2 protein chains.
Amino acid sequence: MDKTPGQPTPHVVIVGGGFAGLWATRALARDPVRITLVDRRNHHLFQPLLYQVATAGLSAPDIAAPLRHILRGQRNVEVRLGEVVGIDAGAKSVTLADGDILTCDYLVLASGATHAYFGHADWAAHAPGLKTLDDALAIRRRLLLAFERAEAAQSAEERTAWLNFAVVGGGPTGVELAGTLAEIARHTLRNEFRHIDPAEAKVRLLEAGPRVLSSFPESLSAKARAQLDRLGVDVVTGLPVEAIDADGYILSGQRVSARTVLWAAGVAASPLGALLDAPRDRAGRVQVDADLSVPNHPGIFVAGDLASVQQDGKPVPGIAPAAKQMGAHVARVIRARLRNEAAPPFRYRDFGNLATIGRMAAVVHFGRLRLSGLLAWWFWLFIHIFFLIGFRNRVIVLINWAWAYWSYQRHARIILGGNAPRE
Amino acid sequence: MDKTPGQPTPHVVIVGGGFAGLWATRALARDPVRITLVDRRNHHLFQPLLYQVATAGLSAPDIAAPLRHILRGQRNVEVRLGEVVGIDAGAKSVTLADGDILTCDYLVLASGATHAYFGHADWAAHAPGLKTLDDALAIRRRLLLAFERAEAAQSAEERTAWLNFAVVGGGPTGVELAGTLAEIARHTLRNEFRHIDPAEAKVRLLEAGPRVLSSFPESLSAKARAQLDRLGVDVVTGLPVEAIDADGYILSGQRVSARTVLWAAGVAASPLGALLDAPRDRAGRVQVDADLSVPNHPGIFVAGDLASVQQDGKPVPGIAPAAKQMGAHVARVIRARLRNEAAPPFRYRDFGNLATIGRMAAVVHFGRLRLSGLLAWWFWLFIHIFFLIGFRNRVIVLINWAWAYWSYQRHARIILGGNAPRE
């Protein structure tokens, strides 16, 4: 740190150690600031592979690394495990759950998004969403237990209800979950049960809109749907789910018995955005100025999924590359402020869009490049392994993958969280 | 199955998929029986490496494999996820928590052991023990959170209390936990904190008896103690812990502030032993006949940690090789019964004893062979990797280990189980 003697070092508080917060922190490594990075969890999570933990292909530590470890060499950062419960925008301070108050010169809010049930909070208990490692382990437990319950079922109706799976939401997460689930039922569990044939499981993907992967061109949506069909996923589009409870769901007035429903439909901004005195969009995201600062609060920035940014009439998407770019941009603006220079507005560089569907199937949209099938899958694999944080993890994940795809096996099929429930 | 037509196939119910139950199941693969293997969990656990999951060196799935997967090719086995809540020894039937009753011709109880607090049940909340993967993840969470709390502590007293660790019990598990914990504090976490130096953590190993690893010869106990000293563990022998609560423990009348106390002192047999009408020893283990059957119940067997077997005036130890041998022996006796042949009594073949202490330190006692230090550690590593179930796991575990020992890093330092508590 090249600090001017006599002047206090400016303090930057960054809330959230996801892609936006971590990239902002790293980009300020050589600047004359002291940074406090606050997160509720002790790890950075590589969210694009979270569905693999939920579907027992990877272990939780394979896709996460402790923030302290990632930042151990960056001496101007202090990592603080804690939950922000209050923000005073005027004083530029945040209050933590343990009562500590952190006051700063620059505040960066990058606390991301959570699932939204569109006013149906009671659905949450029956259709869990996938945002954290704990979510992934809870979903894994449900999926694996469903087959166990089907095996022990006393009646055909009960068996069918346990073998009916539904994934609500046809975005990338929903497509990944449905595709992998079909693969597990058809291949991974083959020969392991004596009273059921896991391949008889029905996996349904429910999308209220007209097509899956709506952020992709229509031709790739159609390809994705064809690949899902081939995997045995029953794709239903154009019908919104009307109700979800412990026994199943209702679709166009008809009740379907399904004991396992997963939620991949809605995303809402982190509730911390509401603690700022700032305009927000329908999903609760903070509508920031061109430099990602909060209107009327030039020392407060919002980056990542919590920020609502429009560019060329379209919203910047809530994906990892956008979050990293916003994080790095906030660091640039803070640096410019420290030097009394003007900072350029944020520009999102679109490097493309990709989604995986299942075993060796994916779609890729990079500018004019449109791929699907096996080639897209290799492309997807390469990109994801390459960007996975931490050298060790990459090697382990590669080996796990090679093994999983060669043998159809998934090594993390371990039910954690207490004994078999007594239902 | 070579089944005699017209005669029903004898039904064998095996309770517990640990070493004893799984080895009994596998040994009956070619016999004309149908087997139901009941376990509360869906996986076989390689318990000798459980301390590595607790200390963040391995992921939970690294040392566990689904029982269904292990046994998928053995067509005379049905795996049932369920908890046994009742046993009718006369009718040879077990009742599961979901109400199902399994009646059989041969019943094998191999439900293992749990921790015992010697009449101090209230200590359990403050000093968790290590028997299951869930236990290991709970201990990992406590260990990692302790350093986080120390970092955020507001006073020197609080900091010290969070940096004081105690492990109660100087057997193999206690020695492994204390040694690894010292290694984490001194090496793994170096440079990661800004307000504490993790190397200042005090790790104490409390053994009420005169020496650690009392099942080894005295010379090896002394070697182990010297190796623990070198790792920085404060070994206290000859003093029983008098009390444990949320703030610490009392030793010879003196209160020590320590927020993290782990329990590796006592083992009690699984409570299922008490459901049999059979004599039991002080630890609750069932005193079986020479062929491992329960006195007066020739069709019921007990194997593994739940069985109390004396040989040449000494108890057969509660370790994995003994459990496997008992499981295999029960299978032999059942086979002999089916053929109306006499079965030999059980003889434990002692292949030796080994315990690891920490980074490249272990003790080995195989007959006349006594090793300690690096050579013993390599021996220990080879044996443990060799016996780890499932080819894939072995490769992954080896890579994780190579990485951990080369870099001093532990890849599973992920705090799971909700957000940072609000204490």
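Residues numbered from 1 in each chain as written. Chains lettered and ligands numbered in written order. Predicted model: local features only at pLDDT ≥ 70, side-chain atom pairs only at ≥ 80, totals over all residues. Heavy atoms only, no water.

Chain A goes by NADH:ubiquinone reductase (non-electrogenic) in an unreviewed UniProt entry, where it is assigned to Agrilutibacter niabensis. Here is the UniProt Catalytic activity (unreviewed entry) comment for chain A, exactly as written: "a quinone + NADH + H(+) = a quinol + NAD(+)". Turning to chain A, the UniProt record has this under Sequence similarities (unreviewed entry): "Belongs to the NADH dehydrogenase family." (UniProt positions renumbered as here; feature names shortened; annotations may be inferred.)

A word on the relation of the copies chain A and chain B. Both copies of the chain are related by one operation, a rotation about an axis with a shift along it. Relative to chain B, chain A is turned by 180 degrees and slid 0.0 Å along the rotation axis, the superposed coordinates differing by an RMSD of 0.0 Å. Read as a symmetry element, the transformation amounts to a two-fold axis. Of the interface residues in chain A, 98% have counterparts in chain B that sit at the interface too, so the contact is made through matching surfaces. (Least-squares fit on C-alpha atoms with pLDDT ≥ 70 in both. Contact = heavy atoms within 4.5 Å.)

Residue and element names in this part refer to chain B. Assignment of secondary structure puts Thr260 in strand 17 (residues 260–263). Its relative accessible area of 2% is what places Thr260 among the buried residues. Ignoring any residue separated from it by four or fewer positions in sequence, one finds Thr260 in contact with Leu143, Ala146, Asn164, Phe165 and Ala166. (Helix = DSSP H or I, 4+ residues; strand = E, 2+ residues; numbered from the N terminus. Buried < 20%, exposed > 50% of the residue type's maximum accessible area, 1.4 Å probe, protein only.)

All names here are of chain A. Along the chain, Gln325 turns up in helix 8 (residues 320–338). When its relative accessible area of 15% is taken as the criterion, Gln325 is described as buried. Those residues in contact with Gln325 that sit more than four places away from it in its chain are Phe346, Arg347, Tyr348, Arg349 and Phe351.

Residues and elements named next belong to chain A. According to the domain assignment, chain A contains domain 1 (11–40 + 82–115 + 267–338) and domain 2 (123–264). Distance between the C-alpha centres of domain 1 and domain 2: 35 Å. With five residues of domain 1 in contact, the opposing surface of domain 2 contributes five residues. With both chains or domains summed, domain 1 and domain 2 bury close to 320 Å², and 63% of this area falls on carbon and sulfur atoms. Its largest share of buried area at the contact with domain 2, domain 1 owes to Ala113, His115 and Val267, together 85% of the area lost on that side. Linking domain 1 to domain 2 there are zero salt bridges. (Domains from an automatic or database assignment. Buried area = accessible area lost by both parts, 1.4 Å probe. Salt bridge = Lys/Arg side-chain N within 4 Å of Asp/Glu carboxyl O.)

An α-helix turns once every 3.6 residues. As a result, residues three or four positions apart point the same way. Residue and element names in this part refer to chain A. Compared with the 20 Å implied by 1.5 Å per residue over 14 residues, the 20 Å span of helix 7 (residues 218–231) between its first and last C-alpha is a close match. Along helix 7, the residues classified as buried are Leu220, Ser221, Ala224, Gln227, Leu228 and Leu231. For helix 7, the angular spread of buried residues about the axis comes to 125 degrees, placing them on one side. When the buried face of helix 7 is taken as reference, the exposed residues oriented beyond 90 degrees from it are Glu218 and Arg230. Where the residues of helix 7 are buried, they touch helix 6 (172–188), strand 12 (202–207), strand 13 (233–237), strand 25 (353–358), strand 26 (361–366) and strand 27 (369–372). (Expected span 1.5 Å × (residues − 1). Arc of directions from axis to C-beta.)

Okay, the pairing of strand 25 (residues 353–358) of chain B next. Counting buried positions along strand 25 of chain B yields six of six residues, so the element is predominantly enclosed. Here strand 25 of chain B folds back onto strand 26 (residues 361–366) of chain B in antiparallel fashion, the turn holding two residues, of which Met360 of chain B has a positive phi close to 60 degrees. (Pairing = 2+ DSSP bridges.)

Residue and element names in this part refer to chain B. Across the interface, helix 6 (residues 172–188) lies against helix 7 (residues 218–231) with an axial gap of 9 Å and an inter-helix angle of 20 degrees. Classified by the angle between their axes, helix 6 and helix 7 sit roughly parallel to one another. The crossing of helix 6 and helix 7 is left-handed. Listed contacts from helix 7 to Val175, Gly179, Ala182 and Arg186 of helix 6 are Leu228, Arg230 and Leu231. (Axes fitted to C-alpha atoms, helices over the stretch in contact; angles between N-to-C directions. Parallel < 35°, antiparallel > 145°, perpendicular 65-115°, else oblique. Left-handed = near helix turned anticlockwise from the far one by under 90°.)

Residue and element names in this part refer to chain A. Following the criterion strictly, the structure yields 22 salt bridges over all chains and no others. With a closest N to O distance of 2.7 Å, Arg80 and Asp98 form a salt bridge. Of the two residues, Arg80 is situated in strand 5 (residues 77–81) and Asp98 in the loop between strand 7 (93–96) and strand 8 (101–103); the sequence distance between them amounts to 18 residues. With its nearest N and O atoms 3.3 Å apart, the salt bridge here joins Arg347 to Asp312.

A few words on the pairing of strand 26 of chain B. Residues and elements named next belong to chain B. Within strand 26, five of the six residues are buried, which leaves the element mostly enclosed by the surrounding structure. Of the pairings in the sheet, the one linking strand 25 to strand 26 comprises five bridges and is antiparallel in character. By the bridge assignment, Leu354 is partnered in strand 26 with Val364. Note that strand 26 and strand 27 (residues 369–372) share four bridges and pair antiparallel.

Our next topic: the UniProt feature "domain: FAD/NAD(P)-binding" (unreviewed entry) in chain A. Feature annotation in UniProt assigns "domain: FAD/NAD(P)-binding" (unreviewed entry) to the following positions: residues 11–327 of chain A. For the annotated span residues 11–327 of chain A, helix accounts for 27% and strand for 29% of the residues, and the straight-line distance between the end C-alpha atoms is 17 Å.

Turning to the packing of aromatic side chains, a few remarks are in order. Here a ring pair, both rings aromatic, is described through the centre-centre distance and the interplanar angle of the planes. Applying the stated criterion across every chain yields a total of 24 aromatic pairs over all chains. When the centroid spacing of 4.8 Å and the interplanar angle of 25 degrees are considered together, the rings of Tyr117 of chain A and Trp263 of chain A count as stacked. Highlighted residues: Tyr117 of chain A in the loop between strand 10 (113–115) and helix 4 (133–152) and Trp263 of chain A in strand 17 (residues 260–263), separated in sequence by 146 residues. Pairing Phe19 of chain B with Trp23 of chain B gives two aromatic rings, centres 5.8 Å apart and planes at 55 degrees, and the pair type is tilted. Here Phe19 of chain B and its partner Trp23 of chain B are both found in helix 1 (residues 19–27), four residues apart, which amounts to about one turn of the helix. One aromatic cluster in this structure is built from Tyr117, Phe118, Trp123 and Trp263 of chain A. The aromatic ring of Trp23 of chain B is capped on one face by Arg26 of chain B, whose charged end is 5.1 Å from the ring centroid. (Phe/Tyr/Trp six-rings, centres within 6.5 Å; stacked < 30°, edge-to-face > 60°. Lys NZ or Arg CZ within 6 Å of the ring centre and 35° of its normal.)

It is worth spelling out the sheet that holds strand 5 of chain A at this point. Residue and element names in this part refer to chain A. Spatial ordering of the open sheet is given by 5-2-1-9-21-20, a layout of six strands whose pairing is mixed. Either end of the sheet is taken by a strand with one partner, and the two such strands are strand 5 and strand 20 (293–294). Where strand 2 (residues 34–39) and strand 5 come together, five bridges link them in parallel fashion. For Thr36, the partnering residue across the bridge sits in strand 5 and is Glu78. The strands touched by helix 1 (residues 19–27) are strand 1 (11–15), strand 2 and strand 5; relative to strand 1, the strand with the most contacts, the crossing angle is about 155 degrees.

Turning our attention to the nonpolar core. The tendency in soluble globular proteins is for nonpolar side chains to be buried as a group. Ranked by size, the top nonpolar core spans 124 residues in total, and within it Leu133 and Leu276 of chain B carry the most contacts. Residues lining this core come from more than one domain, with at least three contributed by each of domain 1 (11–40 + 82–115 + 267–338) and domain 2 (121–265) of chain B. If near-sequence neighbours (up to four positions away) are discounted, Leu276 of chain B is found in contact with Ile87, Ala89, Leu109, Val286, Val294, Ile300 and Val302 of chain B. In terms of nonpolar packing, the next biggest core, distinct from the first, is built from 123 residues, Leu50, Val84, Leu272 and Ile300 of chain A among them. (Core = buried A, V, L, I, M, F, W, Y, C linked by side-chain atoms within 4.5 Å.)

The phi angle at Asp312 of chain A is positive, at roughly 50 degrees, despite the residue not being glycine. Its relative accessible area of 64% is what places Asp312 of chain A among the exposed residues. Despite not being glycine, Leu292 of chain B shows a phi value in the positive range, around 75 degrees. Relative to the elements of secondary structure, Leu292 of chain B occurs in the loop between strand 19 (286–287) and strand 20 (293–294).

On to the interface of chain A and chain B. Listed per partner, the contact involves 60 residues of chain A and 59 residues of chain B. Across the interface of chain A and chain B, roughly 5300 Å² is buried in total on both sides, 54% from carbon and sulfur atoms. The residue Arg68 of chain B makes a salt bridge to Glu148 of chain A at a minimum N-O spacing of 2.6 Å. Between the two partners, chain A and chain B, sit 21 residue pairs in polar contact (both at pLDDT 80 or more). Elements that contribute at least two residues to the side of chain A that touches chain B include exactly strand 4 (64–66), helix 3 (67–70), strand 5, helix 4 and helix 10 (391–407) of chain A. At nine residues, the largest contribution of residues to the side of chain A that touches chain B is made by helix 4 of chain A. When grouped by side-chain class, the residues that make up the side of chain A that touches chain B number 25 nonpolar, 14 polar and 21 charged. (Polar contact = N/O pair within 3.5 Å; in protein donor to acceptor, adjacent residues only side chain to side chain. Nonpolar A, V, L, I, M, F, W, Y, C, P; charged D, E, K, R; others polar.)

Residue and element names in this part refer to chain B. Mapping Ala222 onto the fold places it in helix 7. Look at Ala222 and you get partly exposed, because its relative accessible area is 47%. The spatial distance from the C-alpha of Ala222 to the C-alpha of Arg211 is 7.9 Å, given a sequence separation of eleven residues.

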